[in-house]
Amino acid sequence: MDQTGLAPFAAHPGQSRGRLHAEAQSAHRSPFQRDRDRIIHSSAWRRLKHKTQVFVEHEGDYYRTRLTHSIEVAQIARTIARVFHLNEDLAETVALAHDLGHTPFGHTGEDALADCMAPHGGFDHNAQALKIVTSLEAHYAAFDGLNLTWETLEGIAKHNGPLAQPWPFAIADYVVHHDLELGTHASAEAQIAALSDDIAYVNHDLHDGLRAGLFSLEQAACLPLVGDCLAEVDTAHPGLEPRRRQHEALRRVFGLMVDDVLVTSRHRIDAAAPGSLRDVRCHGAPLIAFSEAMDGNIRTIKDFLFANMYRHHRVKRMRVKATKVVSDLFTIFSADPSLMPEEWHRACQGDATAQARTIADYIAGMTDRFALEEHRTLTDPMARA
């Protein structure tokens, strides 16, 4: 560690590659703190409050939304970054931004919009997040987007690893004038954000699925990690009431996943001995990772959630409705772009692909409730225009 307290392979704010549009440094915040604050104050961030995780936003106040999920991911990311003396602010910033590009209705909405956009280059929520922070958030006088640092943009684009071509069009369009070195790994901080996402959503989907009654704790007890943690709770607290028993078990599962990342990543870091952030980017594999055994356990839990939660008949019924809402909106706006708000109608210029991408941007930015209301307004003859 140097005088900043950061590891030599951390993202040092004083060594940031800066912003596409030069700005004076803040007197009180590091570049990555400033990035974080711009994300939190963005319109796209506020909309995450009303975007679904698995359940549609209006189905209950206890279920996760994209906003609460992103906050949970950021908390995990800061914790892991702190252990390795990495830059907590950058890890938190990438975590907070990672879901900005999600459509209404979660992955269901993304799948529907991707189908609509298939003739025009497809749709990818990670690429959309980059587009939001580099152009669609148009509030500043001197530039479009949030003008985030190179390191934050890199983390948004490739926190899940190097990107193989063909790149999603929103990313390909951007890197023409601002190279994010898509063929390399991202910083260790961005890698932390990616694994924190896995830890958060696996655990909270187990919790939300149980709360919704989509599967029972007895069914989940057959899963790796969960069964052992339940047995540990029963030994330590015999006769515990069901709600507390469930919580105690799942928080132990959560802890095992975090501990595994810390132990596995420490071994990888020690073996690679990176002396700089460039060493992290050019290393042949991620430095932040689960063990092989934990990775297998998580895949088993994900398979269980897919079969028992994401494809539960209650969720499937909403998927059908959500798919229709997104597909209908795309069809309606494609036939008559003037039905969109004036600023979006004006932006709907160029050839068919350019117009389709503008329509996709508009729909992707909708919250669950707004998409449902917009669909009702445009398709229900009794609805007020």
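Scroll up to find the structure.
Residues numbered from 1 in each chain as written. Predicted model: local features only at pLDDT ≥ 70, side-chain atom pairs only at ≥ 80, totals over all residues. Heavy atoms only, no water.

> Whenever I open this one, the packing of helix H4 (residues 88-97) against helix H9 (residues 188-211) confuses me. Can you help?
Any two packed helices are characterised by the angle at which their axes cross and by the distance between the axes. Packing of H4 against H9 leaves a shortest axis separation of 8 Å and a crossing angle of 45°. Relative to H9, the element H4 lies oblique. By crossing handedness, the relation of H4 to H9 is classed as right-handed. Touching Leu-90, Ala-91, Val-94 and Ala-95 of H4 are Glu-189, Ala-190 and Ala-193, all from H9. Counted by class, the contact of H4 with H9 contains six nonpolar, no polar and one charged residues. (Axes fitted to C-alpha atoms, helices over the stretch in contact; angles between N-to-C directions. Helix = DSSP H or I, 4+ residues; strand = E, 2+ residues; numbered from the N terminus. Parallel < 35°, antiparallel > 145°, perpendicular 65-115°, else oblique. Left-handed = near helix turned anticlockwise from the far one by under 90°. Contact = heavy atoms within 4.5 Å. Nonpolar A, V, L, I, M, F, W, Y, C, P; charged D, E, K, R; others polar.)

> It is not clear to me how the pattern of salt bridges should be interpreted in this structure. Could you clarify?
Pairs can form between side chains of opposite charge once their charged atoms are near each other. Considering all chains together, one arrives at 29 salt bridges under this definition. A salt bridge links Arg-346 to Glu-342, with the shortest nitrogen-to-oxygen separation between them at 3.8 Å. With a gap of four residues between them, Arg-346 and Glu-342 both fall in helix H16 (residues 342-347), about one helical turn apart. With a relative accessible area of 48%, Glu-342 lands in the partly exposed category. It is possible to trace a salt-bridge network through shared partners that takes in Arg-29, Arg-36, Asp-37, Arg-78, Arg-82, Glu-88, Asp-89 and Glu-92. (Salt bridge = Lys/Arg side-chain N within 4 Å of Asp/Glu carboxyl O. Buried < 20%, exposed > 50% of the residue type's maximum accessible area, 1.4 Å probe, protein only.)

> What exactly am I supposed to notice about the packing of aromatic side chains here?
Aromatic ring pairs: the centre-centre distance and the angle between the two ring planes describe each pair. Enumeration over the complete set of coordinates arrives at four aromatic pairs. Between the aromatic rings of Phe-215 and Phe-304, the centroid separation amounts to 5.0 Å while the plane-to-plane angle is 75°, which identifies the pairing as edge-to-face. Taken together, the residues Phe-215 in the loop between H9 and helix H10 (217-220) and Phe-304 in helix H14 (residues 292-310) connect sequence positions 89 residues apart. By the burial criterion, Phe-215 is buried, and Phe-304 matches it. An angle of 45° between the planes, with centres 5.4 Å apart, marks the rings of Trp-344 and Tyr-362 as tilted. In this pair, Trp-344 is assigned in helix H16 and Tyr-362 in helix H17 (residues 352-364), connecting sequence segments 18 residues apart. (Phe/Tyr/Trp six-rings, centres within 6.5 Å; stacked < 30°, edge-to-face > 60°.)

> I'm lost on unusual backbone geometry in this one. Help?
Excluding glycine, residues mostly have negative phi values, and the peptide bonds linking residues are mostly trans. Geometrically, the link from Gln-165 to Pro-166 is a cis peptide bond, its omega value of 0° lying close to zero. By the element assignment, Pro-166 lies in the loop between helix H7 (150-158) and helix H8 (169-175). Backbone geometry places Glu-181, a non-glycine residue, at a positive phi of 50°. With respect to the helices, strands and loops of the structure, Glu-181 is situated in the loop between H8 and H9. In this structure, Leu-225 takes a positive phi of about 75° despite not being glycine. Leu-225 gets classed as buried once you look at its relative accessible area, which sits at 11%.

> I keep staring at the packing of H9 against H14 and nothing clicks. Help me out?
Where H9 meets H14, the closest approach of the two axes is 11 Å, and the angle between their N-to-C directions is 40°. Accordingly, the angle class assigned to the pair H9 and H14 is oblique. Where H9 crosses over H14, the two elements pack in a sense that is left-handed. Along the contact surface, H9 presents Asp-198, Tyr-201, Val-202, Asp-205, Leu-206, Asp-208 and Gly-209, while H14 presents Ile-298, Ile-301, Lys-302, Leu-305, Met-309 and Tyr-310. A class-by-class count of the residues in the contact of H9 with H14 yields eight nonpolar, one polar and four charged.

> Help me understand the nonpolar core, please; the structure alone is not making it clear to me.
Nonpolar side chains in soluble globular proteins tend to end up buried together. Ranked by internal contacts, the top residues of the largest apolar core, which has 109 residues, are Leu-100, Leu-180, Phe-215, Met-257 and Ile-363. With 10 residues, H9 is the largest single contributor of residues to this core. (Core = buried A, V, L, I, M, F, W, Y, C linked by side-chain atoms within 4.5 Å.)

Fair warning: the whole summary comes from geometry, so function is off the table for now.
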